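# Per-entry structural report
Residue strings, one per chain:
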Amino acid sequence: MEIDFRKEGRAQIASVKGRIDAVTAPEFEKKMLEVIEQGERTILINMSGLEYISSAGLRSILTIAKKLKAENGEVFFVALQGAVEEVFKISGFHSIFKVFDSEKSALEKI
Amino acid sequence: MEGVSLRLPAGLENLEQFISFVSGQARQYGFDSLRLKEIELCTEEALVNIFNYAYSEKTGDVVLTCRGDGDKGFIIEICDYGEPFNINSIPTPEIDGDITDRKVGGLGIYFIHRLIDEVIYRREGDMNILTFIIYKKQSDT
């Protein structure tokens, strides 16, 4: 699992690649919480390079989302692929979060 | 069960090896890449539950066995020597609700029941034996 961060306007974009499973989820969560600690409140997670996520990863996402909500921030998701999109749909995450097809469409609407 | 097996100590340090093993066997059986990811997901969820609950008080091994059963399906048997732990007895989590209400637990077992065609648990002596049967679909080669 790799995360690259970059800033675009007021949004912090985190591009995640590889797999978020029970082994890598703690590192993913830690890095995202660090960004929130640094004051970022609008976070866009680009999942175009993410090939796999398990419930451990969803748990981390929920932790991140709850933390951001408490700070009046919000997390958005972009470009879910294959199995990751399926997991989002089955778990109901597709309904509780805002999911966009591309960074461009997300940045226009947030 | 006959088939190809991998036996390793329970623990997250061996998760990747277990998943690679199951995925390789399932690929040989002919599943497409999406179905392979579903199989990897459900195997991970079952293993993590075993690591956390069946082996919460002690350590031990997990034996994964895979077998293709002709056109009927692909069978994964996950065997451990921990405390009795029947995933079929875990209630389905609430998947509605907003970010604030949403609970974090229980999703893994929910995935297993949604994505695996047959999920069978039995206790045999000091072993928990969990069997997944994944049907072959017409689109699988």
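Every value quoted in this text rests on a predicted model; they were computed, and no experiment measured them.

Before going further, it helps to spend a moment on the nonpolar core. M47, I61 and F97 of chain A together with I76, I78 and F132 of chain B are the most contacted members of the largest nonpolar core, which has 76 residues in total. With 10 residues, helix α2 (residues 33-54) of chain B is the largest single contributor of residues to this core. Excluding residues that lie within four positions of it along the chain, F132 of chain B makes contacts with C42, T43, A46, F74, I75, I76, I78, I112, I116, E118 and V119 of chain B. I13, L44, V78 and A79 of chain A belong to the second largest nonpolar core, which has 7 residues in total.

Residues and elements named next belong to chain B. Pairing is antiparallel across the open sheet formed by 5 strands, whose spatial order is β1-β2-β3-β5-β4. One side of each edge strand has no neighbouring strand; the edge strands of this open sheet are β1 (4-9) and β4 (118-124). Pairs of neighbouring strands in the sheet enclose a mean axial angle of 15°, with direction left out of account. Where β1 and strand β2 (residues 61-69) come together, 6 bridges link them in antiparallel fashion. When the sheet's bridge partners are listed, P9 is paired in β2 with D61.

What follows deals with the interface of chain A and chain B. Contact with chain A, which involves 26 residues of that partner, is made by 25 residues of chain B. Taking both sides of the interface into account, the surface hidden between chain A and chain B amounts to around 2,100 Å²; carbon and sulfur atoms contribute 64%. Contact with chain B buries area across many residues of chain A, yet Y52, I90 and I96 of chain A alone supply 25% of it, more than any other trio. Linking chain A to chain B there are 2 salt bridges. The residue E51 of chain A makes a salt bridge to K37 of chain B at a minimum N-O spacing of 3.9 Å. Summed over the shared surface of chain A and chain B, the result is 12 residue pairs in polar contact (both at pLDDT 80 or more). Among the secondary structure elements, those contributing two or more residues to the side of chain A that touches chain B are β3 (42-53), α2 (55-70), α3 (82-91) and α4 (93-96) of chain A.

Summarising the element assignment, Q12 of chain A is placed in strand β2 (residues 11-20). The contact partners of Q12 of chain A, leaving out residues within four places of it in the chain, are F5, R6, K7, V35, E40, T42, I43 and L44 of chain A.

Attention now goes to α2 of chain B. Residue and element names in this part refer to chain B. Here α2 contains 22 residues, and its C-alpha end-to-end distance of 30 Å stays within 8% of the 32 Å for a straight helix at 1.5 Å per residue. Burial analysis of α2 places 18 of its 22 residues in the buried class, the great majority of the element. Two or three places before L34, at the opening of α2, D32 has a side-chain oxygen 3.3 Å from that residue's backbone nitrogen.

Criteria and cut-off values
Residues numbered from 1 in each chain as written. Chains lettered and ligands numbered in written order. Predicted model: local features only at pLDDT ≥ 70, side-chain atom pairs only at ≥ 80, totals over all residues. Heavy atoms only, no water. Core = buried A, V, L, I, M, F, W, Y, C linked by side-chain atoms within 4.5 Å. Buried < 20%, exposed > 50% of the residue type's maximum accessible area, 1.4 Å probe, protein only. Helix = DSSP H or I, 4+ residues; strand = E, 2+ residues; numbered from the N terminus. Contact = heavy atoms within 4.5 Å. Pairing = 2+ DSSP bridges. Axes fitted to C-alpha atoms, helices over the stretch in contact; angles between N-to-C directions. Buried area = accessible area lost by both parts, 1.4 Å probe. Salt bridge = Lys/Arg side-chain N within 4 Å of Asp/Glu carboxyl O. Polar contact = N/O pair within 3.5 Å; in protein donor to acceptor, adjacent residues only side chain to side chain. Expected span 1.5 Å × (residues − 1).

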